[in-house]
Amino acid sequence: MKKEKEEMKTENNRLRAVTAGVMICFFLFGYCDSVRGATLTDVTSAFKVSYGVGGALMVVHYIGYCASSLFFGSMTGKIHRRTALIVSNVNIAAGIFIYTCAPNIYVFLIGILLIGFSLGLYEYAGNTAVADIYPEEKRGKYTNLVAGMHGIGAIIGPAAFGLILRKGGDYKTAFMIILPVILAAVLLFLKTGYPKQAYLDDSPLRIKDILRAMLIKKAGKYYALATLYIAAEAGIITWITAFFVDEKGQALKQAALWLSLFFVFLTAGRFIGSMYVDRFGIRRVLIVHFALSALCIILGVTLPGEAAVLLPLSGLFLSVIFPTLGAGISVECHENTAVTMGAFFAFAALGGAGGSWAIGLFSQILGTRAGIGSTAVICLAALLIVHKAVR
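Residues numbered from 1 in each chain as written. Predicted model: local features only at pLDDT ≥ 70, side-chain atom pairs only at ≥ 80, totals over all residues. Heavy atoms only, no water.

Caption draft 1: Main features of the environment of Phe265. With respect to the helices and strands, the residue Phe265 is situated in helix 11 (residues 252-273). Between the C-alpha atom of Phe265 and that of Gly157, which follows or precedes it by 108 residues, the distance is 15 Å. If near-sequence neighbours (up to four positions away) are discounted, Phe265 is found in contact with Pro312, Leu313, Gly315, Leu316 and Ser319. (Helix = DSSP H or I, 4+ residues; strand = E, 2+ residues; numbered from the N terminus. Contact = heavy atoms within 4.5 Å.)

Structure, rendered in structure tokens:
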């Protein structure tokens, strides 16, 4: 009896430790993802490159992100989730070191590729770890807690960067200060074992199956919408700081706070949206939210003065779109959920890469007002697809 109690206590401690470790990883995920956009203006200035090149840097980031998800999915059952999370933290530490010490843009690309790879690994390995150690009736709670840590990290990142600039630091400092947090995550995973009770089947997700899933006809509309949505979201995250610097004449330390505000709205919107999405239905929610997002972006970039707050306010309406799309494809393609979700995230990464680069190129040619304003066109294109194809 005593032995059973000790084993149960050990198992519970492992459960809490792995959950805490995943939450730290998602905090780092949110922090790095937001700081990447907040610091881009500083990075392009430091390396004396154009916004078009800056957008191309984000393509490299998303290549790493997509590659890690496909790699880990294909190695499921061969690489333990705990090992993958340790590797992701060591890898991101190496990426940050190269990112901050790069003597030229070519070495810098290696750093941003490694960071992108780690963020993809955080998301895939972290989410599957939560699903693996908790039964179905508890997964929703802990998945939302983990997602909440991403939101907290994303809010803190640009605000911390603004503070660092006020103290005379730069984009390098913004990344270096999180190295102790990364070390804490590694030590936590190394010190603690993995719970014995597992709930997921460790069948590998073959890349060829994901590629085949891309051809499933009824999933096509969701792939297109995921691509467009992430293109718009990534475009705003990457270029909102540059917009307030170039078009509103604000200092970078002040402009970075608008990105924090965007993530405040994005995080709040996901919490609020969870209360009504199921009640109103997927199609209605997508139509209303794409339309209101486009309206906020258009008014935010065209109206003068304080109306600019409408641009970060778009995060409130963008917030529920991606989770709603994920729910839609899992219901409509339930017989192929694993592979269709893999393809779904691959298309999302494609949208992030293409959106960041294209909007950077538009900003270089037409100015950041037109560049970031093009995200409204993306939302309207998505709205048309929803109207025509989603039922």
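Caption draft 2: Expanded view of the packing of aromatic side chains. Under the counting rule described, the total for this entry stands at 18 aromatic pairs. Each ring, one from Phe29 and one from Tyr65, has its centre 6.4 Å from the other, and the planes form 35°; the classification is tilted. In this pair, Phe29 is assigned in helix 1 (residues 2-38) and Tyr65 in helix 3 (residues 51-74), connecting sequence segments 36 residues apart. For Phe29, a relative accessible area of 5% puts it in the buried group. Residue classification places Tyr65 among the buried positions, given a relative accessible area of 13%. Centroid distance Tyr62 to Tyr65: 6.4 Å. Interplanar angle 65°. Geometry classified as edge-to-face. With Tyr62 and Tyr65 both in helix 3 and three residues apart, this pair spans about one turn of that helix. Neither residue differs from the other here; Tyr62 and Tyr65 are each classed as buried. The rings of Phe47, Tyr99, Phe108, Tyr171 and Phe175 are connected pair by pair, giving a single aromatic cluster. (Phe/Tyr/Trp six-rings, centres within 6.5 Å; stacked < 30°, edge-to-face > 60°. Buried < 20%, exposed > 50% of the residue type's maximum accessible area, 1.4 Å probe, protein only.)

Caption draft 3: Broad picture of helix 17 (residues 368-389). Given a rise of 1.5 Å per residue, 22 residues ought to cover 32 Å, and the 32 Å separating the end C-alpha atoms of helix 17 matches this to within 8%. Inspection of helix 17 places Thr368, Gly371, Ile372, Gly373, Ser374, Thr375, Ala376, Ile378, Cys379, Ala382, Leu383 and Val386 among the buried residues, and these make up the whole buried set. (Expected span 1.5 Å × (residues − 1).)

Caption draft 4: The arrangement of the packing of helix 4 (residues 81-101) against helix 8 (residues 179-191) in detail. Relative orientation of the contacting elements helix 4 and helix 8 amounts to 160°, with a least axis distance of 9 Å. It follows that helix 4 is roughly antiparallel to helix 8 by the angle criterion. At the point where helix 4 passes helix 8, the crossing takes the left-handed sense. Between helix 4 and helix 8, the contacting residues are Arg82, Leu85, Ile86, Asn89, Val90, Ile92, Ala93 and Ile96 on the first element and Leu179, Ile182, Ala185, Val186, Phe189 and Leu190 on the second. Along the lines of polarity and charge, the residues of the contact of helix 4 with helix 8 split into twelve nonpolar, one polar and one charged. (Axes fitted to C-alpha atoms, helices over the stretch in contact; angles between N-to-C directions. Parallel < 35°, antiparallel > 145°, perpendicular 65-115°, else oblique. Left-handed = near helix turned anticlockwise from the far one by under 90°. Nonpolar A, V, L, I, M, F, W, Y, C, P; charged D, E, K, R; others polar.)

Caption draft 5: Structural view of the packing of helix 13 (residues 282-302) against helix 15 (residues 321-332). Contact pair helix 13 / helix 15: the axes reach a minimum separation of 10 Å and the direction vectors enclose 155°. Relative to helix 15, the element helix 13 lies roughly antiparallel. Seen along the crossing, helix 13 lies across helix 15 with a hand that is left-handed. Together, Ile282, Val285, Leu286, His289, Phe290 and Ser293 of helix 13 and Ile321, Thr324, Leu325, Ala327 and Gly328 of helix 15 make up the contact between the two elements. A per-class count over the contact of helix 13 with helix 15 returns seven nonpolar, four polar and no charged.

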